[in-house]
Amino acid sequence: MPGPNTTGTPNIEDISLGRGIIMAALLPASGIPVAWRDLGNAPDISIGTSIETKDHFSSRTGLKKLDLQVVLSDARSVKFSLEEFNHENLAWFFSGAKATITNAAVAGFTVHVMVADGDLELGMWYDIKNSSGVRAYDIDSADITLTTNQGTPVAMVLGTDYEVNEEFGRIFIKSTSTVASTSIGAGKGLRLALAAKAEAASVNEVRALTQTSITVALRFTAENAANGNKYEITFWKVKLKASGDLNLISDEWMAMPFEAAAEENTAASPLSPTLTIRQVA
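Here's what I pulled together on the structure shown here. (Residues numbered from 1 in each chain as written. Predicted model: local features only at pLDDT ≥ 70, side-chain atom pairs only at ≥ 80, totals over all residues. Heavy atoms only, no water.)

## With respect to the sheet that holds strand β11 (residues 190-194)
Rules: Pairing between strands is defined by DSSP: at least two bridges between the two strands are required. Numbering of helices and strands runs from the N terminus, with a helix taken as a DSSP run of H or I at least four residues long and a strand as a DSSP run of E at least two residues long. Under this scheme, a helix contributes an axis fitted over its contacting stretch, all axes are lines through C-alpha atoms, and angles between N-to-C directions fall in the 0 to 180 degree range.
The three strands lie next to each other as β6-β11-β8, forming an open sheet whose pairing is antiparallel. Each end of this open sheet is capped by a strand with a single partner; those strands are β6 (109-115) and β8 (144-148). Averaged over all pairs of adjacent strands, the angle between strand axes in this sheet comes to 20 degrees, irrespective of strand direction. Bridge count between β6 and β11: four bridges; the pairing is antiparallel. Opposite V115, over in β11, you have L190 as the bridge partner.

## Quick notes on the packing of aromatic side chains
Put simply, the rule reads: In summary, the pairing rule links any two rings of Phe, Tyr or Trp, Trp by its six-membered ring, whose centres are within 6.5 Å, and it sorts them by plane angle into stacked for under 30 degrees, edge-to-face for over 60 and tilted for everything else. The classification of residues rests on relative accessible area computed with a 1.4 Å probe and restricted to protein chains. Under 20% of the type maximum is buried, over 50% is exposed, and intermediate values are partly exposed.
The final tally for this structure, using the stated rule, is four aromatic pairs. With centroids separated by 5.3 Å and ring planes inclined at 15 degrees, the aromatic side chains of F80 and F258 adopt a geometry described as stacked. With F80 in strand β4 (residues 65-82) and F258 in strand β15 (residues 256-261), this pair connects stretches of sequence that are 178 residues apart. Overall, F80 belongs to the buried group, its relative accessible area being 1%. A residue is classified by how much of its surface remains accessible, and F258, at 1% relative accessible area, is buried. Judged by centre distance (5.1 Å) and plane angle (45 degrees), the ring pair of W125 and F172 falls under tilted. Of this pair, W125 sits in strand β7 (residues 125-127) while F172 sits in strand β10 (residues 170-173), placing them 47 residues apart in sequence. Under the relative-accessibility criterion, F172 is labelled partly exposed at 23%.

## A word on the sheet that holds strand β9 (residues 162-165)
Taken in spatial order, the three strands line up as β7-β10-β9 in an open sheet, and their pairing is antiparallel. Only two strands of the sheet have a single neighbouring strand rather than two, namely β7 and β9. Sheet twist, expressed as the mean angle between neighbouring strand axes with direction ignored, is 25 degrees. As paired elements, β7 and β10 share three bridges and run antiparallel to each other. Considered in β10, the bridge of W125 is made with F172.

## Remarks on unusual backbone geometry
For S95, which is not glycine, the phi torsion reads 50 degrees and is therefore positive. Position of S95 among the secondary structure elements: in the loop between α1 (87-93) and β5 (97-102). The backbone phi angle of L209 is positive, close to 55 degrees, even though this residue is not glycine. When you line up the elements, L209 lands in the loop between β12 (202-207) and β13 (214-224).

## Let's talk about the pattern of salt bridges
Between side chains of opposite charge, a pair can form when the charged atoms approach closely. Condition: A pair is scored as a salt bridge if a Lys or Arg side-chain nitrogen falls within 4 Å of a carboxyl oxygen belonging to Asp or Glu.
Under the counting rule described, the total for this entry stands at 12 salt bridges. The closest approach of N and O atoms between D140 and K197, which form a salt bridge, is 3.3 Å. Pair noted here: D140 is in the loop between β7 and β8 and K197 is in the loop between β11 and β12, with a separation of 57 residues, a long-range link. We note a salt bridge from K237 to E263, for which the minimum N-O separation is 3.6 Å. Here K237 is found in strand β14 (residues 230-242), whereas its partner E263 is found in the loop between β15 and β16 (275-278), with 26 residues between them in sequence. Residue class for E263 comes out partly exposed when judged on its relative accessible area of 25%.

## Comments concerning the nonpolar core
Among soluble globular proteins, nonpolar side chains are generally buried collectively. Formally: Among buried residues, those of type Ala, Val, Leu, Ile, Met, Phe, Trp, Tyr and Cys that are joined through side-chain atoms within 4.5 Å constitute a nonpolar core.
Counting residues in hydrophobic clusters, the biggest one holds 25 residues, and the most contacted among them are L39, F80, W92, L218, L240 and F258. At the level of secondary structure, the elements contributing two or more residues to this core comprise β1 (18-26), β4, α1, β13, β14 and β15. Counting 23 residues, the second largest nonpolar core, distinct from the first, contains M156, I171, I173 and L192.

## Focus on the pairing of β10
Here β10 shows a clear split, with I171 and I173 buried on one side and none of R170 and F172 buried on the other. In this sheet, β10 lies alongside β9 in antiparallel orientation, the contact comprising four bridges. Within β10, the position partnered with E163 by the bridge is F172. Adjacent in sequence and paired antiparallel, β9 and β10 are bridged by four residues, among which G169 carries a positive phi angle near 65 degrees.

Following this line, the structure appears as structure tokens:
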């Protein structure tokens, strides 16, 4: 798309092989986008068209003929997929928001009953939690002190009685553990203490389904792979929503599908409030 065709003849430079970059900007109360975020690699993007018409037919002859067509509505939409699974993109896909929480492993905690009496089972995973029920992540196995909750606590041995998933803070009680088996027979649970780990400061999370809509301006900077020409397509207001399944196990690259209907935004673009296509002359 090198610009207007003023020659009246075909121009091979106008043939396009699509590539490009998608960006989005959250819309403040003013409706004017300010800060644009690159959404990462997008394997596809398409613009949809929905035009509703009303037809009138003449009945003056044996064969009715269309003599008038009136356009009642003209709506445009956009569909695209994102491959980069950062928390910003995931939050939009799941109609939520990103957040950061303090990791309980930072402060550690003194000994307490982590698995209540009667709840202990062999061959099961248990989240490592403090006495308030807050999970600890990114721990070191050496920082754990694990015992049974019997009158005289019996120490559990790493590798013999239990295993640890350090990244997500989980303990697996081995089915071969005689110490755990004895504790279960007595109807007892487990006590756990965790030493502090200063570098495990926080945990990032996505809180899904906490927003009814994600309203943004959407911009696609297209680059013609055939000749390098670039142009810019801007939707001045769309409400993003997930438009399909997210395959968590697949032999293909994972992608998050989105769709949105284009809405008017006269505050951002009074002369072309829905969709604008631009190229530097």
